[in-house]
Amino acid sequence: SRFWRRSVCCGIAAKELAALCNVLDSDRLFVGGLLRDIGHLLMYQYAAAKVVQAMELAAAQQAPLYKAERAVLGVDFARIGADLMRQWQLPQTLWEVTEYHIEPVKSEAFALSTCIVHIAAIIADADDQGLDVADALQHVAPHAWQVTGLSASVGAGIVAKTVEQVGGITQMILPSERAA
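Keep in mind the model is a prediction, meaning the values are calculated, not measured.

Asks: Tell me what's going on with the state of the cysteines, and back it up with residues and numbers.
Replies: Here a disulfide denotes one covalent bond, and it connects the sulfur atoms of two cysteines. Overall, the coordinates contain zero disulfides when judged by the stated rule. Between C21, a cysteine without a disulfide, and C115, which holds the nearest cysteine sulfur, the sulfur-to-sulfur distance is 9.2 Å.

Shown next, in the form of structure tokens:
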């Protein structure tokens, strides 16, 4: 349930940020945010011990988890998620966002969407971990602020609206769970 709450939060934040960037198809960004972490589901299922090892390494080195995943597994969750989406024949607008949201400067065809999901992911992860979102937004890639034309204060401004919507959507996805 925690995974899906974080995913829903990312989707909603992406949709809200897309609206601020005048993206007409903000629902696509909701789906992109919702699915950006799907590679972790596969990793938890098929390489749980290695994932724990990567989490411990990331904590010990105070490094991003995706870098620790690369060191331990040779691949990160974003690449696994994008590969899965390609296998499912989902459009590039979704798999490119998933693959590059952790390093948005690498996105080429869908840079704006990737940067929006990058910012939304930081908001969702901060919410999930109970961190101050304004502090977390200091870790947004400068490239993402440049491409979107947004700022940390604008990003922080959508948090209340995002969190307000998360409970209801999470409850629809997981009706047996009490929405947080």
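Structure shown, so let's carry the discussion forward.
Asks: Explain the packing of helix α6 (residues 77–87) against helix α7 (residues 92–100) to me, and be specific about the residues and the numbers.
Replies: Closest axis-to-axis distance for the α6/α7 pair is 7 Å, and the angle between their directions is 165°. Comparing the axis directions of α6 and α7 gives the class roughly antiparallel. Helix-helix and strand crossings are classified by hand; for α6 and α7 the assignment is left-handed. Seen from α6, the contacting residues are A78, R79, G81, A82, M85 and R86; seen from α7, they are L94, W95, T98 and E99. Classifying every residue of the contact of α6 with α7 gives five nonpolar, two polar and three charged.

Asks: Before we move on, can you summarise the pattern of salt bridges with the specific residues and values?
Replies: As enumerated under the stated definition, the model contains 16 salt bridges in all. A salt bridge links K15 to D27; the nearest nitrogen and oxygen atoms lie 2.7 Å apart. With a gap of 12 residues between them, K15 in helix α1 (residues 2–20) and D27 in helix α2 (residues 26–35) connect regions that are remote in the sequence. Salt bridges here are not isolated pairs; linked through shared partners, they connect R2, R6, R36, D37, D125 and D128.

Asks: With reference to specific residues and values, describe the layout of surface pockets.
Replies: Looking at the largest pocket, its volume works out to about 1,000 Å³. In terms of lining, the largest pocket is formed by 30 residues, of which the most central are A63, P64, L65, D125 and Q129. Put simply, the parts of the chain that give the lining of the largest pocket at least two residues each are α1, α3 (38–46), α4 (48–61), α5 (65–73), α8 (111–129) and α9 (133–136). When residues of the lining of the largest pocket are assigned to their parent elements, the largest contribution, seven residues, is made by α8.

The rules behind these values
- Residues numbered from 1 in each chain as written.
- Predicted model: local features only at pLDDT ≥ 70, side-chain atom pairs only at ≥ 80, totals over all residues.
- Heavy atoms only, no water.
- Disulfide = S-S within 2.5 Å.
- Axes fitted to C-alpha atoms, helices over the stretch in contact; angles between N-to-C directions.
- Helix = DSSP H or I, 4+ residues; strand = E, 2+ residues; numbered from the N terminus.
- Parallel < 35°, antiparallel > 145°, perpendicular 65-115°, else oblique.
- Left-handed = near helix turned anticlockwise from the far one by under 90°.
- Contact = heavy atoms within 4.5 Å.
- Nonpolar A, V, L, I, M, F, W, Y, C, P; charged D, E, K, R; others polar.
- Salt bridge = Lys/Arg side-chain N within 4 Å of Asp/Glu carboxyl O.
- 1 Å grid on protein atoms, 1.4 Å probe; cavity = no way out; pocket = protein on both sides within 12 Å on 5 of 7 lines; lining within 4 Å.
- Points joined across faces, edges and corners; volume = space filled by probe spheres on them.

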